[in-house]
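Below are the chains, spelled out letter by letter.
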Amino acid sequence: MKLSAPLVTSASTFAVALSLLTVPAVAAPPPPPTLSTARIQLKGLTVAPADSMAGFKRDLFPHWDRVEGRCDTREIVLRRDGQDVVADNECRAVRGEWHSPYDGETWTDAADIDIDHMVPLAEAWRSGAADWSTQRRRTFANDLDTSQLWAVTDNVNQAKSDKDPGVWKPPQRSFHCTYARSWIEVKNEYGLSVDSAEKAALEEMLDRC
């Protein structure tokens, strides 16, 4: 179910309930770097053509990990990024309100929300993750410490798929600055490369900040 306006959220708690529990939450992942830091990080990224998808399987990036109690990474993000989220005794979000920054829509059914990897798993594979250990790929796929995971409208996430910013950008242009800074942060954190079209698109998005 979609609502017409975004909602202001409150501070988060990750306590697991044994019965229905209303959980206040913050509005977004950890903030990405400032514009000046993002520009420096982007300059430091290796520019290289995308590697092959040979051998890629999503199972090579284990997700969603159990984080606390019965709560896995997906449920933690739903609670972190939602308003007045109600979880059952299995930590599944059964009610709440989520504002998707990619398109500006607000939803009240968790089934309408995907947890997006800012840098998709397949994109990571093409830009360096094929050489990682399984543990590093697990860390990447469940990363709550950077701005890698976002609660967004499901069909918008599906339209993004594994595309980089040279091919796809969020429909809400006012989010492009944050999107670029977040993408750059994740690529910098994990030492992933960018291709030339991707880098040019990121530079153009930073120019809108």
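Whatever comes next refers back to the structure up there.
Counting restarts for each chain: residues are numbered from 1 in the order of the written sequence. Given that the model is predicted, a residue must reach a pLDDT of at least 70 before its local features are reported, and side-chain atom pairs must reach 80 or more before they are shown or counted; all residues, however, enter totals for whole chains, interfaces and linings. For the side-chain quantities, the full set of heavy atoms in the structure was used; hydrogens and water were omitted.

The next point concerns the packing of helix H1 (residues 35–44) against helix H6 (residues 176–190). Here the axes come from fitting lines to C-alpha atoms, over the contacting stretch only for helices, and the angles between their N-to-C directions go from 0 to 180 degrees. Helix and strand labels come from DSSP, where a helix needs a run of H or I of at least four residues and a strand needs a run of E of at least two; each type is numbered from the N terminus. In contact at an axis separation of 9 Å, H1 and H6 are set at 45 degrees when each is read in the N-to-C sense. One finds that H1 runs oblique with respect to H6. Relative to H6, H1 is oriented so that their crossing is left-handed. On H6, the residues that touch Leu35, Ala38, Gln41 and Leu42 of H1 are Arg181, Ile184, Glu185 and Asn188. Here the contact of H1 with H6 is composed, by residue class, of four nonpolar, two polar and two charged. Between 65 and 115 degrees an angle is taken as roughly perpendicular, under 35 as roughly parallel, over 145 as roughly antiparallel, and anywhere else as oblique. Left-handed describes a crossing in which the near helix is turned anticlockwise from the far one by less than a right angle; the clockwise case is right-handed. Two residues qualify as a contact provided that any one of their heavy atoms is within 4.5 Å of a heavy atom in the partner residue. In this count, Pro and Cys sit with the nonpolar residues alongside Ala, Val, Leu, Ile, Met, Phe, Trp and Tyr, while Asp, Glu, Lys and Arg are called charged and the others, Gly among them, polar.

Here the focus is the state of the cysteines. Think of a disulfide as a covalent bridge from one cysteine sulfur atom to another cysteine sulfur atom. Disulfide assignment relies on a single distance test, namely cysteine sulfur atoms paired within 2.5 Å. Throughout the structure, instances matching the rule amount to two disulfides. Paired through a disulfide, Cys71 and Cys91 show a sulfur-sulfur distance of 2.0 Å. The sign of the 95 degrees torsion about the S-S bond sets the Cys71-Cys91 disulfide as right-handed. Separated by 20 residues along the polypeptide, Cys71 in strand S4 (residues 71–72) and Cys91 in the loop between strand S5 (82–87) and strand S6 (93–99) bring together distant segments of the chain. A single burial state applies to Cys71 and to Cys91, both of which are buried. Covalent S-S linkage joins Cys177 and Cys209, the inter-sulfur distance amounting to 2.0 Å. The sign of the S-S torsion, about 105 degrees, decides the handedness of the disulfide formed by Cys177 and Cys209: right-handed. Of this pair, Cys177 sits in helix H6 while Cys209 is found in the segment after helix H7 (196–206), placing the two residues 32 residues apart along the sequence. When a residue's accessible area, from a 1.4 Å probe over protein chains only, is under 20% of the maximum for its type it is buried; when over 50% it is exposed; and in between it is partly exposed.

So, about empty space enclosed by the protein. Here a cavity denotes a set of grid points, spaced 1 Å apart and computed over the protein atoms alone, in which a 1.4 Å probe fits but from which it cannot get out, and a pocket denotes an open set meeting protein on both sides within 12 Å along at least five of seven lines; residues with an atom within 4 Å of a point are reported as lining. Grid points are joined across faces, edges and corners, and a volume is the space filled by probe spheres set on the points. This model, assessed by the stated rule, comprises one cavity of 30 Å³ or more. The computed volume of the largest cavity comes to approximately 40 Å³. Lining the largest cavity are Ala48, Pro49, Ala50, Glu123, Arg126, Ser127, Asp164, Lys187, Ser193, Val194, Asp195 and Glu198. The residue makeup of the lining of the largest cavity, split by class, is four nonpolar, two polar and six charged.

With five of six residues buried, S5 is to be regarded as a mostly interior element. Any two strands with at least two DSSP bridges between them are considered paired. Strand direction decides the pairing type here: S5 and S6, joined by four bridges, are antiparallel. Pairing of Ala87 across the sheet is with Ala93, part of S6.

Moving on, we come to H7. Among all positions in H7, only Glu198, Lys199, Ala201, Leu202, Met205 and Leu206 are buried. Along the axis of H7, the buried positions cluster into a sector of 160 degrees, meaning they face one direction only. On the buried face of H7, the contacting elements are H1, helix H3 (121–126) and H6. With a side-chain oxygen positioned 3.2 Å from the backbone nitrogen of Ala197, the residue opening H7 is Asp195. Think of it as the arc spanned by the lines of direction from the helix axis to the C-beta atoms. Polar contact is defined as a pair of N or O atoms within 3.5 Å, subject to the rule that within protein one atom must be able to donate a hydrogen and the other to accept it, and that residues adjacent in sequence are counted only when both atoms are side-chain atoms.

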